[in-house]
Amino acid sequence: MSEQENGGRLFFDEHQWATVEAAMARIIPTDDQPGAREAGTAEFLDRYLSGIDYVYAKPDGSGFEKLEGKRAGAWRQRIDALRGKYAEGIEELDRRSRARFDRDFVELSEDQQDEALAEMERPEQQKDLEQAQVATGYGAPPEPAMQQTSTEIELDFFPLLALHTRQGFYSDPVYGGNRDRVGWRLIGFEGPESLAETHAGRYTTRPFFAEEQIDWKKENGHGS
């Protein structure tokens with residue numbers, strides 16, 4: 001049993017872990033279906049931020065690739081940058097929570113946590129929106145963070161947290177999330193037994209995407 005499976009933390013301290021787990025549980029909440037907490041998305045993120053030992057799972061399902069040389073150096077830089085964003089983001093989330101509700105984020109009610117996260121989601125966009133509303137009395141809402149398509153290293157804390165929550169919920173369980181395949185089951189995706197099944201060609205996702213061969217000649221001429 002690994003240190004993480006035994007309840008240990010690989011990167012976050014206890015407060016950081018509790019804060020991230022609570023925030024993720026508001027992004028994909030538990031209702032009559034499992035949410036981020038049941039899927040173990042905090043475990044997924046804690047493992048990802050622990051270093052470069054869990055970046056690429058081996059195709060045969062026997063573990064993870066050992067990164068070396070410049071590739072390893074580049075990934076260390078990337079992970080270090082993400083660690084910094086999370087450390088600063090958690091501190092900022094607590095600072096805003098204390099300023100507004102006089103308590104750390106993990107001590108807030110779910111409604112209060114939603115308010116704190118919404119403020120972290122788009123502080124600059126919200127400021128611009130409020131200024132526009134003052135000037136015109138009306139304004140279009142900014143693009144929701146969940147729809148952003150930037151790479152993770154360019155994201156601010158909240159969209160980064162939202163991205164990793166989704167990844168931890170829907171990614172292959174080998175990466176530490178999607179516990180008991182709850183994310184896949186929620187969307188009716190059975191998934192392969194292991195990565196080895198996929199790489200050996202014994203499993204395909206094709207039935208989930210197209211039932212018939214696409215006629216590209218016909219499709220390319222469509223609308224001409």
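Residues numbered from 1 in each chain as written. Predicted model: local features only at pLDDT ≥ 70, side-chain atom pairs only at ≥ 80, totals over all residues. Heavy atoms only, no water.

1. Brief notes about the overall build of the protein chain
Stage number 1. Within the protein chain one finds 10 helices and zero strands.
Stage number 2. Element order for the protein chain, N to C, with α for helix and β for strand: α-α-α-α-α-α-α-α-α-α.
Stage number 3. Counting every position in the protein chain, which comprises 224 residues, the buried fraction comes to 38%.
Stage number 4. Taking contacts inside the protein chain between residues at least 6 apart in sequence as the whole, the part at least 24 apart equals 55%. (Helix = DSSP H or I, 4+ residues; strand = E, 2+ residues; numbered from the N terminus. Buried < 20%, exposed > 50% of the residue type's maximum accessible area, 1.4 Å probe, protein only. Contact = heavy atoms within 4.5 Å.)

2. Section: helix 1 (residues 14–27)
Stage number 1. Compared with the 20 Å implied by 1.5 Å per residue over 14 residues, the 20 Å span of helix 1 between its first and last C-alpha is a close match.
Stage number 2. Most of helix 1 is tucked away: 11 of the 14 residues are buried.
Stage number 3. Of the positions making up helix 1, those classed as buried are Gln16, Trp17, Thr19, Val20, Glu21, Ala22, Ala23, Met24, Ala25, Arg26 and Ile27.
Stage number 4. On its buried side, helix 1 packs onto helix 2 (36–39), helix 3 (41–48), helix 4 (69–101), helix 5 (110–121) and helix 7 (157–170).
Stage number 5. Capping of helix 1 at its N-terminal end is provided by Asp13; its side-chain oxygen lies 3.2 Å from the backbone amide nitrogen of His15. (Expected span 1.5 Å × (residues − 1). Polar contact = N/O pair within 3.5 Å; in protein donor to acceptor, adjacent residues only side chain to side chain.)

3. Some points on the pattern of salt bridges
Stage number 1. Applying the stated rule across the entire model yields 15 salt bridges.
Stage number 2. Ionic pairing is found between Arg26 and Glu110, a salt bridge with its closest N-O pair at 3.5 Å. One end of the pair, Arg26, is in helix 1; the other, Glu110, is in helix 5, with 84 residues separating them in the sequence.
Stage number 3. Of the charged contacts in the structure, one is a salt bridge between Arg179 and Glu43, with a shortest N-O distance of 2.7 Å. Taken together, the residues span a long stretch of sequence, with Arg179 in the loop between helix 7 and helix 8 (182–186) and Glu43 in helix 3 at a distance of 136 residues. (Salt bridge = Lys/Arg side-chain N within 4 Å of Asp/Glu carboxyl O.)

4. Notes on the nonpolar core
Stage number 1. One finds Phe12, Val20, Leu45, Tyr86, Phe105 and Leu161 to be the most contacted residues of the largest nonpolar core, which totals 40 residues.
Stage number 2. Those elements giving two or more residues to this core turn out to be helix 1, helix 2, helix 3, helix 4, helix 5 and helix 7.
Stage number 3. Setting aside its immediate chain neighbours within four residues, Leu161 contacts Val20, Ala23, Met24, Ile27 and Tyr86. (Core = buried A, V, L, I, M, F, W, Y, C linked by side-chain atoms within 4.5 Å.)

5. Here's the deal with the side chain of His164
Stage number 1. Among the structural elements, His164 can be located in helix 7.
Stage number 2. One polar contact links His164 to Tyr86, side chain to side chain, over a distance of 2.8 Å.

6. Re the packing of aromatic side chains
Stage number 1. Tallied over the entire structure, the rule returns eight aromatic pairs.
Stage number 2. Members of the aromatic cluster, connected to one another through ring pairs, are Phe11, Phe12, Tyr86 and Phe157.
Stage number 3. Lying over the aromatic face of Trp17, Arg9 brings its terminal NZ or CZ to 3.7 Å of the ring centre.
Stage number 4. Here the guanidinium or amino end of Arg47 rests over the ring plane of Tyr54, the centre of that ring lying 4.5 Å away. (Phe/Tyr/Trp six-rings, centres within 6.5 Å; stacked < 30°, edge-to-face > 60°. Lys NZ or Arg CZ within 6 Å of the ring centre and 35° of its normal.)

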